[in-house]
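Per-entry structural report
The chain contents come next:
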Amino acid sequence: MQCKALRDSAREIQNFDVAYFMASVDTLEDNTAFADEHEANFPILSDVNKEMADSYGVLREDGLAHRWTYYIDADGTILKIDKQTNAATAGRDLVATMQELGFPTR
């Protein structure tokens, strides 16, 4: 659902001068199949070793990752962490938050 929400909001998201992606602790093969199945039009990164998930504090005790959204500016400063990401509205929420935070547009 979250992948589809981001895919369906791609035009609005791409009005911003940002890079965006999803990250998963699944294998590259699983992520590639998932991206193909859901017609993802953005990268889905594979963090099989779970190093990135652990570094960002999203790794759960069961080895999966929380569905949190990080808003990071061009200097690498984390401006906001949305720990209540709603899968169904993730694309619209991303756009609204980037507007709220003053992310640059193209």
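Notes on the structure follow. This one's a predicted model, so the numbers in the text were calculated from it and none came from an experiment.

**Considerations on unusual backbone geometry**
Excluding glycine, most residues fall at negative phi; most peptide bonds, likewise, are trans. The backbone of E39 shows a phi angle near 55°, a positive value even though the residue is not glycine. Here E39 falls in the exposed class, since its relative accessible area comes to 56%.

**A few points about the pairing of strand 3 (residues 69-72)**
Pairing geometry for strand 3 and strand 4 (residues 78-82), over four bridges, is antiparallel. From the neighbouring strand, Y70 faces strand 4, where its bridge partner is I81.

**Focus: the nonpolar core**
Generally speaking, soluble globular proteins have nonpolar side chains that are buried together. In this structure, L6, I13, M22, F42, I44, L94 and M98 are the most contacted members of the largest nonpolar core, which totals 17 residues. Elements represented by at least two residues in this core include exactly helix 1 (2-8), helix 2 (10-13) and helix 5 (90-101).

**Focus: the layout of surface pockets**
If you add up the space inside the largest pocket, you get close to 1,200 Å³. In this structure, the largest pocket is lined by 42 residues; those nearest its centre are F21, M22, A23, W68 and T69. Only helix 1, strand 1 (22-24), helix 3 (28-37), helix 4 (51-55), strand 3 and helix 5 provide two or more residues apiece to the lining of the largest pocket. When grouped by side-chain class, the residues that make up the lining of the largest pocket number 26 nonpolar, seven polar and nine charged.

**Regarding the environment of Q84**
Summarising the element assignment, Q84 is placed in the loop between strand 4 and helix 5. Through-space distance from the C-alpha of Q84 to that of W68 is 6.9 Å; in sequence the pair is 16 residues apart.

**Overview of a nonpolar patch on the surface**
Side chains of F21, L45, M52, Y56, I72, I78 and I81 sit close together on the surface and give an oily, nonpolar patch of about 560 Å² of accessible area. Note that L45 resides in strand 2 (residues 44-46).

**Some details on helix 5**
Taking 1.5 Å as the rise per residue, helix 5 with 12 residues should run 16 Å; its terminal C-alpha atoms sit 16 Å apart, in good agreement. Listed in full, the buried residues belonging to helix 5 are A90, G91, L94, V95, T97 and M98. Those residues of helix 5 that are buried are in contact with helix 1, helix 2, strand 3 and strand 4.

**Focus on the packing of aromatic side chains**
Two numbers describe a pair of aromatic rings. These are the distance of the centres and the angle of the planes. Under the counting rule described, the total for this entry stands at three aromatic pairs. Arranged with centres 5.6 Å apart and planes meeting at 35°, the rings of Y20 and F42 form a pair that is tilted. One end of the pair, Y20, is in the loop between helix 2 and strand 1; the other, F42, is in the loop between helix 3 and strand 2, with 22 residues separating them in the sequence. Pair check on accessibility: Y20 and F42 agree, each one buried. Ring centres of Y71 and F103 lie 6.5 Å apart, and the angle between their planes is 65°; on these two criteria the pair is classed as edge-to-face. Residue Y71 is found in strand 3, and its partner F103 is found in the segment after helix 5; the two are separated by 32 residues along the sequence. With respect to burial, Y71 and F103 carry one shared label: buried. Stacked on the ring of W68, the Lys or Arg K83 has its end atom at 4.6 Å from the ring centre.

About the thresholds
- Residues numbered from 1 in each chain as written.
- Predicted model: local features only at pLDDT ≥ 70, side-chain atom pairs only at ≥ 80, totals over all residues.
- Heavy atoms only, no water.
- Buried < 20%, exposed > 50% of the residue type's maximum accessible area, 1.4 Å probe, protein only.
- Pairing = 2+ DSSP bridges.
- Helix = DSSP H or I, 4+ residues; strand = E, 2+ residues; numbered from the N terminus.
- Core = buried A, V, L, I, M, F, W, Y, C linked by side-chain atoms within 4.5 Å.
- 1 Å grid on protein atoms, 1.4 Å probe; cavity = no way out; pocket = protein on both sides within 12 Å on 5 of 7 lines; lining within 4 Å.
- Points joined across faces, edges and corners; volume = space filled by probe spheres on them.
- Nonpolar A, V, L, I, M, F, W, Y, C, P; charged D, E, K, R; others polar.
- Patch = residues over 30% accessible without salt bridge, like charges linked within 9 Å, V, L, I, M, F, W, Y side chains within 5 Å.
- Areas by Shrake-Rupley, 256 points an atom, 1.4 Å probe, with all protein chains shown as cover.
- Salt bridge = Lys/Arg side-chain N within 4 Å of Asp/Glu carboxyl O.
- Expected span 1.5 Å × (residues − 1).
- Contact = heavy atoms within 4.5 Å.
- Phe/Tyr/Trp six-rings, centres within 6.5 Å; stacked < 30°, edge-to-face > 60°.
- Lys NZ or Arg CZ within 6 Å of the ring centre and 35° of its normal.

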